[in-house]
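Breakdown of the fold
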Amino acid sequence: MSEDMNGGMDNTLTDPLSSTNLMSLTIDGQEIQAEKGQTIVQAAQKNGIYIPTLCALHADKESGLKHDLAPGTCRICTVKANGRTTAACTTPISQGLVVENDTPELNDLRKTIVELLFVEGNHFCPSCEKSGSCDLQALAYRYQMLTPRFHYAFTPRKVNADMPKLLWDGNRCILCRRCVLAIRTEEGEPLFVFANRGDKSTITVDTELIQDISEELAQQAMDICPVGAIIRKGKGFDTPFGQRKYDHSPIGSDTACSSGENKAGGEKS
């Protein structure tokens, strides 16, 4: 600690974290440290704390992304930061931030979002290639969704089967924007784009660029889709049911903290 010209104490030099660019915050009562500039979701993931995401995606070998995605569209990551409700994937951390994440109130809100996504689209899990690897389906299991409390919209949606390597099913799309942000040509041109507004919003495909999509990029498009809206052609059911990602462990278990909050069903032990 140093003394300034007016005799006061310069608190900026007393913080042992300032020189290392780290910040201290609390999530569900657990004090953690994270780098300045990170979002709450990034800080939680780095410290093994699970916050559900559908639109946000961490950059790693599995996702094939070089940068984290955080469109802030689905709001499944809603937390309370210093008592204020906010999206954890778009909210940067701050020194001393207190985050509520795994609470009955927030988990019920997340369950409501999952139910709304199911009734807004036309999902039929038993026939979907992503069943067992679908983030939305896995969250429905986590929050113990049975019959949604809302009426089904049964909105007519388009299916684009004209692409050489991919099939796009609008019935399953949740408009997360992952494909719009991540699937691009080497020159940075997007292969998927948003069209229309409000309840007419949808994803369209650049019919010219998609013709030359590589095998690797086509597989990445399917892998980063959190539902089964983007499916590879010619590789249907490549991994059998019972051997897929969430057949082995509940969603979030790879980042679950040791306190037991993140077992199947999301209930505390």
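Use the structure listed above.
Reading guide: rules and limits
- Residues numbered from 1 in each chain as written.
- Predicted model: local features only at pLDDT ≥ 70, side-chain atom pairs only at ≥ 80, totals over all residues.
- Heavy atoms only, no water.
- Salt bridge = Lys/Arg side-chain N within 4 Å of Asp/Glu carboxyl O.
- Helix = DSSP H or I, 4+ residues; strand = E, 2+ residues; numbered from the N terminus.
- Core = buried A, V, L, I, M, F, W, Y, C linked by side-chain atoms within 4.5 Å.
- Buried < 20%, exposed > 50% of the residue type's maximum accessible area, 1.4 Å probe, protein only.
- Contact = heavy atoms within 4.5 Å.
- Pairing = 2+ DSSP bridges.
- Axes fitted to C-alpha atoms, helices over the stretch in contact; angles between N-to-C directions.

1. Considering the pattern of salt bridges
Summed over the entire model, instances satisfying the criterion amount to 9 salt bridges. Measuring nitrogen to oxygen at the nearest pair gives 2.5 Å for the salt bridge that ties Glu-120 to Arg-157. Here Glu-120, found in helix α2 (residues 104-120), pairs with Arg-157, found in the loop between α3 (135-142) and β8 (159-160); they are 37 residues apart in sequence, far enough to count as distant. Linked by salt bridges that have partners in common, Asp-108, Glu-115 and Arg-149 make up one network.

2. Regarding the nonpolar core
In this structure, Ile-40, Val-114, Leu-136, Leu-166, Ile-183 and Phe-192 are the most contacted members of the largest nonpolar core, which totals 67 residues. Ignoring sequence-local partners within four residues, the contact set of Leu-166 consists of Asn-160, Phe-192, Ile-210, Ile-213, Ala-218, Ala-221, Ile-230, Ile-231, Arg-232 and Lys-233.

3. Things to note about the sheet that holds strand β5 (residues 78-81)
Spatial strand order, β4-β3-β7-β5-β6: 5 strands in an open sheet with mixed pairing. Strands with a single pairing partner mark the edges of an open sheet, and in this sheet they are β4 (30-35) and β6 (84-87). Across this sheet, the average inter-strand angle for adjacent strands is 35°, counted without regard to direction. Alignment of β5 against strand β7 (residues 98-100), held across 2 bridges, turns out to be antiparallel. Looking at the pairing, Ala-81 lines up with Val-99 of β7. Taken strand by strand, α2 contacts β5 and β7, and its axis lies near 150° from that of β5.

4. Comments concerning the pairing of strand β10 (residues 192-195)
Where β10 and strand β11 (residues 202-205) come together, 4 bridges link them in antiparallel fashion. Within β11, the residue paired with Phe-192 across the bridge is Val-205. Hairpin connection between β10 and β11: a loop of 6 residues separates the two successive antiparallel strands, and Asn-196 in this loop has a positive phi of roughly 65°.

That's the geometry; what it means functionally is another story.
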